[in-house]
Amino acid sequence: MTRTATEQDVPELVRLRALLFDDLGGDFFHPADADDDWRDALARVFTQKLAEPDCHILVVDGDTGLAACGIGTIEQWFPGPHSRNGRIGHVIGMVTDPSYRRRGHSRAIMLGLLDWFRDRDAVRVDLTASREAEPLYRRLGFADHPDPLLCWKP
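These figures come from a predicted structure and were not determined experimentally.

Draft legend 1. Quick look at the sheet that holds strand β3 (residues 66–76). Reading across from one edge, β1-β2-β3-β4-β5 is the order of the five strands in this open sheet, with mixed pairing throughout. Strands with a single pairing partner mark the edges of an open sheet, and in this sheet they are β1 (2–4) and β5 (124–127). Geometrically, the sheet is characterised by an average inter-axis angle of 25° between neighbouring strands, direction not taken into account. As judged from the three bridges shared by β1 and strand β2 (residues 55–61), these two strands associate in the antiparallel manner. Bridge pairing in β2 places T2 opposite V60.

In structure tokens, the structure reads:
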């Protein structure tokens, strides 16, 4: 059902990521000064990340294009008593095309990503959940994050 993304999937990965931003809406994800240059930059980053060992992109094929995708990355943070090796996983860009929702694609992708994180000795996996997806993530063992999250935009 799931497979690892390839360079041939990059246009569809960009399309799905744009759908995610449409779903999220608001000024943060759709700033007034944005243009479409971000799509070209995203395609370049996808191509680069597909070759890196600390990034894993899983997809589910649809009838014409991709039905769903999810991205896992691992960052090397500083170890501490709560993080023995400092390897922190992140799930980014889980998105399913609206015509393929409610078929178990996100669950299958998440299970594949969680196996990948375990195999790479991640000590924690973080994600930001939409209200619709939060019940799935909680059923898979995700809990409230111990750190409050803030962001700064220069």
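Anyway, onward from the coordinates.
Draft legend 2. Region of interest: the nonpolar core. The biggest cluster of nonpolar side chains holds 21 residues, and the ones touching the most others in it are M110 and F117. Counting only elements with at least two residues in this core, the list comes to β2, β3, β4 (87–96), α4 (105–119) and α5 (134–139). When near neighbours in sequence (up to four residues on either side) are disregarded, M110 contacts V91, M94, L127, Y137, L140 and F142. One finds A5, C55, I57 and L66 within the second-largest nonpolar core, a separate group that totals 15 residues.

What counts and what doesn't
Residues numbered from 1 in each chain as written. Predicted model: local features only at pLDDT ≥ 70, side-chain atom pairs only at ≥ 80, totals over all residues. Heavy atoms only, no water. Pairing = 2+ DSSP bridges. Helix = DSSP H or I, 4+ residues; strand = E, 2+ residues; numbered from the N terminus. Axes fitted to C-alpha atoms, helices over the stretch in contact; angles between N-to-C directions. Core = buried A, V, L, I, M, F, W, Y, C linked by side-chain atoms within 4.5 Å. Buried < 20%, exposed > 50% of the residue type's maximum accessible area, 1.4 Å probe, protein only. Contact = heavy atoms within 4.5 Å.

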